[in-house]
Amino acid sequence: MKVVVTVKLVPNPNAEKRIDPENKRLVRAGVETVLNPYDEYALEAALQLKERVGGDTTVTIFSMAPDSLKEGLRRALAMGADDAVVLSDPGLEGSDVWATAAAMAAALRTLPFDLLIVGGLTDDSSTGATPGALAEHLGLPCITNARKIEISDGAIEVERETDTGYQTVRGPLPALLTTALTFAEPRYASLKGIMGAKKKNIATKTLQDLSLDVPVGAAGSKTELRSFAPPPARGKGKTVEAADGPAGARAIFDFLAEKRLV
Amino acid sequence: MKNVIVYAENRRGQSRKVTFELASEAGKIAAALGGAAHAVVLGPASARLADQLTNYPFESILLNEDPEVESFLLDPIVDYLAAAAERLGPSLILIPNTLSGRDVAGRLMVRLRAGMVADVVEVQVDGDAVVCTSPKLGGALVTRCALRPADYGVVTVRPNAFAVATSGGTARIEPLERLAKSYAAKIESDVEEGSSELALEEAPAVIAGGRGLGGPEPFDTLLKPLANALGGAVGASRAAADAGWVPYNLQIGQTGKTVTPALYIAVGISGAIQHKVGMRASGTIVAINKDAAAPIGEFSDLLVVGDAFRIVPELTKLIETAKGQHS
Ligand SMILES: Cc1cc2nc3c(=O)[nH]c(=O)nc-3n(C[C@H](O)[C@H](O)[C@H](O)COP(=O)(O)OP(=O)(O)OC[C@H]3O[C@@H](n4cnc5c(N)ncnc54)[C@H](O)[C@@H]3O)c2cc1C
Ligand SMILES: Nc1ncnc2c1ncn2[C@@H]1O[C@H](COP(=O)(O)O)[C@@H](O)[C@H]1O
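Summary of the structure given here. Each chain has its residues counted from 1, following the order in which its sequence is written. Going through the entries in the order they are written, you letter the chains from A and number the ligands from 1. Predicted model: local features are reported for residues with pLDDT of at least 70 only, side-chain atom pairs are reported and counted for 80 or more only, and whole-chain, interface and lining totals are derived from all residues. Just so you know, side-chain values use all the structure's heavy atoms and leave hydrogens and water out.

## Here we look at the overall build of chain A
Strands here mean DSSP runs of E at least two residues long; helices mean DSSP runs of H or I at least four residues long; both are numbered from the N terminus. Secondary structure assignment for chain A yields 7 helices and 13 strands. Considered along the principal axes of its C-alpha atoms, chain A spans approximately 65 × 45 × 40 Å. Here chain A, with 262 residues, has 53% of them falling under the buried criterion. Any two residues having at least one pair of non-hydrogen atoms within 4.5 Å are treated as being in contact. In chain A, 72% of the contacts between residues at least 6 apart in sequence involve partners at least 24 apart. Here chain A holds 31 positive side-chain charges and 34 negative ones, and the gap between their average locations is 2 Å. Under the scheme applied here, a residue whose accessible area is under 20% of the maximum for its type counts as buried, over 50% as exposed, and between as partly exposed, the area being computed with a 1.4 Å probe on protein chains only. Under the counting rule used here, the positive set is Lys and Arg, the negative set is Asp and Glu, and His together with the chain ends is not counted. Think of each charge as sitting on NZ of Lys, CZ of Arg, CG of Asp or CD of Glu.

Below you can see the structure in the form of structure tokens.
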């Protein structure tokens, strides 16, 4: 079985984020990147499937990222993925969620897979729309928020979390899945994994390798960033040392009363 | 884009507050676009939601109580919404930014070849563009993003962004034509667990507990009574969820929920960046922490340094007493 996992490289959440005032794009140069947290869970699900199904099951990472970031994918390879494919092209710069999904779908069409596992949400753009968009482009069943996966006879059975409980869903393969954060904690790369990852293959595709019927990049995008600003400053407020429980409670109560919150 | 279509997400006619927030705002946006607002209501037993929506300024409410909507994933909903969009013509489609709302939005974006902006808290019409305000990068930046002129646009809206106000309802409820289709992935069983809890994202007050609570019991004995007194809901840090003290659906932060209540009280939470991004946009933030140097103090309106086990019960009593005097 062939499993493909989409992984985005996102700025470290602890790093300062800047948007270039000239081109209004997130400055990624010089900012440390990490694997998008949701995608680590997606990868963990894929690796567990590989361990369970065994045989000739392979896990391939797919990412759309500038060439300069692609070495960051070694971390995913160190966790246990077999190889990686990166879609990288200057013509993709400035792609919004529409253009990104169109380009990713075109690239994914060139990769054979039985199961495509996508993260639920990115840390930087956080649209959460990519899984649905890819499913629609690729004509795949879209089973989101999975916490348990069984594969048998070309079919997939998934237990998925809903807002109010859970459902079991059965569908054919190929299919697209996203994983819930309850699936399992992503594993750490072992030393052996880290060493082995150095020799694994990261293949690059460019727009020329795809047959795309829509423009992508900034020109193909359907949205345009007009302006951005930091949120209204939230300064350090008051600090009150509470002598005892009642004094602490009184301090909070008076504060809330002043703000008309009680 | 001329009209506005609200996707009235519901489960057997039960809907979240965000649906009514969208219903309240849709008319204003439609007026600015020079069109009309419409709602789409789908699924078994949803007629009563359609009835409720007649109190809002819609021109029409398109309804289909197709029971099959519950048998499949979101496929039928996407098909019905696309059919409604075609029938109503160029429009901006408002979808709640919920777990399933996000899936619907991504699929509809592709189906309608529409532009899309996510997690929007404000929509303005500027000439022939629709400009959406949304926090990005965990709230580190607030962006204004324009949907370029096109037939369709899709927007997911953050709960608690718009105020609910009923007014001028004259809408007709009209049937949306039945699409009898079958889909590959089928729901075999559907289990409800603890749905009576107030949805965390919609609660006007959130009382969140962290590792400082030391175990599962204080969530019930300490935080729940305070949340009840304030008419709010209980949330948690990841440390508390990871420890198994509370279910993951109470986790707030980067890998949990984003909440924007009028009042957020963090109890025994240190205030890591991954927690902060899920609650920083709350109205008023109060922290109770033993440690005067806890990072949460840097972005709280009030930090009370002390023992949560002593402070919280007293606070609950004060609030209950005050409420008793007013009623
Ligand atoms: C990729 C990634 C994603 C993450 N996502 C999230 C997320 O979504 N949400 C999230 O919350 N975290 C997330 N985290 C974890 C985050 O970094 C912190 O580890 C976590 O928020 C800490 O939880 P805490 O504040 O409850 O615990 P701690 O940091 O241990 O803080 C406990 C606090 O309780 C105080 N305390 C102890 N006893 C008392 C008492 N009796 N009275 C009052 N105060 C007391 C202590 O002084 C301390 O400040 C994520 C981390 C990573 C790496
Ligand atoms: N550039 C990208 N490269 C690889 N995967 C991506 C990319 N953008 C989005 N994704 C996938 O889509 C998921 C949801 O992204 P988003 O819609 O941006 O919140 C992520 O968790 C990733 O798995």
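## Side note on the interface of chain B and chain A
Taken together, the contacts link 82 residues of chain B with 81 residues of chain A. Using a 1.4 Å probe, buried area is obtained as the accessible area two parts lose upon being combined, added over both of them. Across the interface of chain B and chain A, roughly 7100 Å² is buried in total on both sides, 58% from carbon and sulfur atoms. The largest contributions to the chain B side of the interface with chain A come from Leu137, Arg148 and Gln254 of chain B, which together make up 9% of the buried area. The term salt bridge refers to a pairing of a side-chain nitrogen on Lys or Arg with a carboxyl oxygen on Asp or Glu at a separation within 4 Å. Taken together, the links from chain B to chain A amount to 6 salt bridges. Its salt-bridge partner being glutamate 185 of chain A, residue arginine 238 of chain B comes within 3.2 Å of it at the nearest N-O pair. Pairs of N or O atoms are called polar contacts if they sit within 3.5 Å, as long as, within protein, a hydrogen donor faces a hydrogen acceptor (for residues adjacent in sequence, only side-chain-to-side-chain pairs). Seen at the junction of chain B and chain A, the total is 26 residue pairs in polar contact (both at pLDDT 80 or more). Any two strands with at least two DSSP bridges between them are considered paired. Of the pairings in the sheet, the one linking strand β13 (residues 238-241) of chain A to strand β16 (residues 302-305) of chain B comprises 4 bridges and is parallel in character. What sits directly across from valine 240 of chain A, in β16 of chain B, is valine 304 of chain B.

## Here's the deal with the packing of aromatic side chains
Each aromatic pair joins two rings of Phe, Tyr and Trp (for Trp, the six-membered one) with centres within 6.5 Å, and gets the label stacked for planes under 30 degrees apart, edge-to-face for over 60, and tilted for any other angle. One pass over the full model with this rule turns up 2 aromatic pairs over all chains. Centre to centre, the rings of phenylalanine 72 of chain B and tyrosine 183 of chain B are 5.1 Å apart; their planes meet at 70°, and the pair counts as edge-to-face. Of this pair, phenylalanine 72 of chain B sits in the loop between β3 (60-64) and α3 (75-88) while tyrosine 183 of chain B sits in the loop between β10 (172-175) and β11 (186-192), placing them 111 residues apart in sequence. The burial state of phenylalanine 72 of chain B is the same as that of tyrosine 183 of chain B; both residues are buried. Charge-over-ring placement is defined geometrically: NZ (Lys) or CZ (Arg) within 6 Å of the ring centre, and within 35 degrees of the ring normal. Taking the ring centre of tyrosine 166 of chain A as reference, the NZ or CZ of arginine 147 of chain A above it sits at 4.5 Å. Over the ring of phenylalanine 72 of chain B we find lysine 186 of chain B; its NZ or CZ atom is 5.2 Å from the centre of that ring.

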